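Below, each chain spelled out in residue letters.
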Amino acid sequence: MELERAKYKVLICDSFAENGIKRLESRFDVTYLPKITSQELLNKIHDYDVVIVRGRTKITKDVIEKGEKLKVIGRAGIGLDNIDLKAAESKGIKVFNTPESSTNAVAELTIGLMIDLARGISKGDSGMKQGNWLKDELIGFELRGKTLGIIGMGRIGTQVARLAKAFGMKILVNDIVNLDEKILNEFGAKLVSLDELLSSSDFVSLHVTLTDETYHMINEEKLSKMKKNAYLINTSRGSVIDEKALLNALKEGLIKGAALDVFEIEPPVSNELIKLHNIIATPHIGAQTKEAQELAATLLVDKIIETLSK
Ligand code: NAD
């Protein structure tokens, strides 16, 4: 059935790729307010059938209750922590996300952080900008032959393994689900216990989803199991690491360094961790590529059109 233009009203609350906006506009009445405040959202939501967000806008119980016409909530990206899923379910509102859209972007950032930790690229750059030639201090090491421990071998963990294999790294894996032997063989990866992974890896990279089980899974005890010259990378969710324990571990030299793209509170309220010399921090840019944003928009708009066409 041909969809009538303006039949449905769509409110886009966060930045959204142009390809997605154009496709929505060709079918629906679209309002694009990427900087809308929570109060403005509460005042406007009653008029819309579809609301689209990324991670910034919170779709709370109040928003859902005021959204008398709401049929679909779309999240461009993976995390649904900014949406009250129970409230949505109780009102029969469909919630869609696009978990597959950012896989490669996050995997490439993870490799980038690993290279930066190994070679001191950002240190060299900030030194240069301050007029310092840090050549003698920046003796790094190569990824080839080093061991990468991947915790959480899902979409992103698997793509990280694929890229790391190309660098000649040895790969250890820990997951709670039974992994396909074929996948492990593809990367020459070995499935090990969490403790074995922590004590044997030169880099430990976190790719688990945030659950009750993974909340603070990297704590004081787990950090103490890592090698003294090992690095920790987190591009998953901030609360997978106990940041206080990491701060102590980095200060006391329990591990060599860390790279974080995600934080327990974003943006972080305390800069103590970020300011350490042995840490690299990025502002949750894992999915911030043109390609990932366009793919998220394509996949999400497909799902919205399909649902509203029924
Ligand atoms: P996924 O669901 O495909 O993979 C997660 C894996 O973690 C699964 O294989 C699961 O079995 C495993 N796992 C869960 N609990 C575990 C535990 N206790 N121990 C070991 N393994 C466990 O998810 P994904 O798409 O690969 O995303 C991975 C993470 O990356 C998520 O936390 C996601 O929120 C995050 N992410 C971050 C960004 C960013 O911008 N930095 C962007 C997208 C996704």
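If you're wondering where the values come from, they're calculated on a predicted model, not measured in any experiment.

What counts and how
Residues numbered from 1 in each chain as written. Predicted model: local features only at pLDDT ≥ 70, side-chain atom pairs only at ≥ 80, totals over all residues. Heavy atoms only, no water. Phe/Tyr/Trp six-rings, centres within 6.5 Å; stacked < 30°, edge-to-face > 60°. Helix = DSSP H or I, 4+ residues; strand = E, 2+ residues; numbered from the N terminus. Lys NZ or Arg CZ within 6 Å of the ring centre and 35° of its normal. Contact = heavy atoms within 4.5 Å. Pairing = 2+ DSSP bridges. Axes fitted to C-alpha atoms, helices over the stretch in contact; angles between N-to-C directions. Expected span 1.5 Å × (residues − 1). Buried < 20%, exposed > 50% of the residue type's maximum accessible area, 1.4 Å probe, protein only. Near = heavy atom within 4 Å. Polar contact = N/O pair within 3.5 Å; in protein donor to acceptor, adjacent residues only side chain to side chain. Areas by Shrake-Rupley, 256 points an atom, 1.4 Å probe, with all protein chains shown as cover. Nonpolar A, V, L, I, M, F, W, Y, C, P; charged D, E, K, R; others polar. Parallel < 35°, antiparallel > 145°, perpendicular 65-115°, else oblique. Left-handed = near helix turned anticlockwise from the far one by under 90°.

Asker: Would you explain the packing of aromatic side chains in this entry?
Answerer: Aromatic ring pairs are defined here through the distance separating the ring centres and the angle between the ring planes. Inspection of every chain in the model, using the stated rule, returns four aromatic pairs. Here the aromatic rings of F141 and Y231 are separated by 6.0 Å at their centres, their planes lie at 25 degrees, and the arrangement is stacked. Linking F141 in the loop between α6 (121-129) and β6 (147-151) with Y231 in strand β10 (residues 231-234), this pair joins segments that are 90 residues apart in sequence. Linked through ring pairs, F141, F203 and Y231 together constitute an aromatic cluster. One residue, K9, lies across the ring of Y48, its end atom 5.5 Å from the ring centre.

Asker: Would you take a moment to explain the environment of I241 for this structure?
Answerer: With respect to the helices, strands and loops of the structure, I241 is situated in the loop between β10 and α11 (243-251). Considered as a pair, I241 and L260 are 19 residues apart in the sequence and their alpha carbons are 10.0 Å apart. Those residues in contact with I241, other than ones at most four positions away along the chain, are L206, H216, I218, L232, N234, L246, L260 and E264.

Asker: Whenever I open this one, the sheet that holds strand β5 (residues 94-97) confuses me. Can you help?
Answerer: Through backbone hydrogen bonds, the strands of a sheet pair up, either in parallel or in antiparallel fashion. Read from one edge to the other, the open sheet built from five strands follows the order β2-β1-β3-β4-β5, with strand pairing classed as parallel. Edge positions in the sheet fall to β2 (29-32) and β5, since each of these pairs with one other strand and no more. Direction aside, neighbouring strands of the sheet carry axes that sit 15 degrees apart on average. Strand direction decides the pairing type here: strand β1 (residues 9-12) and strand β3 (residues 50-53), joined by three bridges, are parallel.

Asker: Whenever I open this one, helix α5 (residues 103-119) confuses me. Can you help?
Answerer: Since there are 3.6 residues in each turn of an α-helix, residues three or four apart along the chain are aligned in direction. Taking 1.5 Å as the rise per residue, α5 with 17 residues should run 24 Å; its terminal C-alpha atoms sit 25 Å apart, in good agreement. For α5, a buried count of twelve out of 17 residues is recorded, marking the element as mostly surrounded by other parts of the structure. All buried positions along α5 are accounted for by T103, A105, V106, A107, L109, T110, I111, L113, M114, D116, L117 and A118.

Asker: Looking at this structure, how should I read the site of the ligand?
Answerer: Neighbouring residues of the ligand: 26 residues in total, closest R155, I156, D175, V208 and T235. I156 places a main-chain nitrogen or oxygen 2.8 Å from an oxygen atom of the ligand. Within the backbone of A287, one N or O atom sits 3.3 Å away from an oxygen atom of the ligand. In the complex, 90% of the free accessible area of the ligand, which totals 870 Å², lies under the protein chains. Broken down by class, the residue content of the shell around the ligand amounts to ten nonpolar, eleven polar and five charged.

Asker: Got a minute to help me understand unusual backbone geometry in this structure?
Answerer: Here the bond from E266 into P267 is cis, since omega is -15 degrees, no more than 30 degrees from zero. Although it is not a glycine, H216 sits at a positive phi angle of roughly 55 degrees. Along the chain, H216 turns up in the loop between β9 (203-206) and α10 (220-225).

Asker: What should I look at first to understand the packing of α5 against helix α7 (residues 155-166) in this one?
Answerer: Helix-helix packing is described using two parameters, namely the angle between the two axes and the distance between the axes. Their axes nearest at 8 Å, the elements α5 and α7 cross at an angle of 50 degrees. Compared by their axis directions, α5 and α7 come out oblique. Along this stretch, α5 crosses α7, giving a crossing that reads as right-handed. Two secondary-structure elements touch here, α5 through T103, N104, V106, A107, E108, T110 and I111 and α7 through R155, I156, Q159, V160, L163 and A164. Partitioning the contact of α5 with α7 into residue classes produces seven nonpolar, four polar and two charged.

Asker: Any chance you could explain the environment of L247 here in plain terms?
Answerer: Structurally, L247 is set in helix α11. In sequence terms L247 and A258 are eleven residues apart; their C-alpha atoms lie 10.0 Å from each other. Setting aside chain neighbours within four positions, we find L247 in contact with E272, L273 and L276.

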